[in-house]
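# Fold and contact review
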Amino acid sequence: MNALINYFALLLTGVMLQAQNTVEVTMTNFSSNEGTVKVGLYDSQGTWLEKEYKSADSTIANETAKVTFIDVPDGVYAVSCFHDEDDDGVFDMYLGFMPKEDYGCSNGATGMFGPPKWEDAKFTLKKNETKLVSIKL
Ligand SMILES: [Ca+2]
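Reference entry: report on the structure contained in this document. Everything quoted here is computed from the prediction, not taken from an experiment.

What follows is about the overall build of the protein. Looking only at helices and strands, the protein has 2 helices and 10 strands in total. Counting helices and strands in the order they occur from the N terminus, the protein gives α-β-β-β-β-β-β-β-β-α-β-β. Taken along its principal axes, the extent of the C-alpha atoms in the protein is 65 × 30 × 20 Å. Relative to its 137 residues, the protein shows a buried fraction of 33%. Considering only contacts within the protein whose residues lie at least 6 apart along the sequence, 68% involve residues at least 24 apart. About 8,600 Å² of surface is accessible on the protein, with carbon and sulfur atoms providing 54% of the total. Across the protein, the mean location of the 11 positive side-chain charges is 9 Å away from that of the 20 negative side-chain charges.

Below is the structure:
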């Protein structure tokens, strides 16, 4: 019996040491309810806008959408999303560099001449927090 209690105590300690955070992303100001919104959570500057740590899709209702990322370890993250209005899975561009579909990032980061910067979009997660990220497209 004692061994069993010790086992569960150990298990619980393990769970508590691995702080898991939640990121709730609320996106507003879509130009229409067409298509889907694609949301990416990135965990390093090196992968920013290249390879998502986690990704999620959502439909849009009332020009608003919401996705939630759960079980996110402590660290530094940034979120970007784009409105895939024609639902082709691609962030459409004019001439390969002018965004044709609306997009947004955490902290309201935007790119003046080029893509939004990691430094402007990043935020820190720690100690089982629930981070609310609001993005206005
Ligand atoms: Ca598209």
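With that settled, the discussion passes to the coordination of the calcium ion. Each protein donor to the calcium ion is listed here as Asp 84 (OD), Asp 86 (OD), Asp 88 (OD), Val 90 (O), Asp 92 (OD), Glu 101 (OE) and Glu 101 (OE); together their distances run 2.3 to 2.6 Å. Among the residues examined, Val 90 registers a relative accessible area of 42% and is labelled partly exposed.

Here the focus is the state of the cysteines. Scanning the entire structure with this criterion turns up 0 disulfides. Left unpaired, Cys 105 is separated from the closest cysteine sulfur, that of Cys 81, by 7.3 Å. On the basis of relative accessibility, which here comes to 2%, the residue Cys 105 falls in the buried class.

Attention now moves to the pattern of salt bridges. The final tally for this structure, using the stated rule, is 3 salt bridges. Lys 66 is the partner of Glu 24 in a salt bridge, and the nearest nitrogen-oxygen pair spans 3.4 Å. Of this pair, Glu 24 sits in strand E1 (residues 20-28) while Lys 66 sits in strand E4 (residues 65-73); the two residues are 42 residues apart in sequence, bridging distant segments of the chain. With relative accessibility at 22%, the residue Glu 24 sits in the partly exposed group.

About the thresholds
Residues numbered from 1 in each chain as written. Predicted model: local features only at pLDDT ≥ 70, side-chain atom pairs only at ≥ 80, totals over all residues. Heavy atoms only, no water. Helix = DSSP H or I, 4+ residues; strand = E, 2+ residues; numbered from the N terminus. Buried < 20%, exposed > 50% of the residue type's maximum accessible area, 1.4 Å probe, protein only. Contact = heavy atoms within 4.5 Å. Areas by Shrake-Rupley, 256 points an atom, 1.4 Å probe, with all protein chains shown as cover. Lys, Arg positive; Asp, Glu negative; His and termini not counted. Charge placed at Lys NZ, Arg CZ, Asp CG, Glu CD. Donors = N, O, S within 2.8 Å, 3.2 Å for Na, K, Ca; no water. Disulfide = S-S within 2.5 Å. Salt bridge = Lys/Arg side-chain N within 4 Å of Asp/Glu carboxyl O.

The quantities given are spatial measurements derived from coordinates; they are silent on function.
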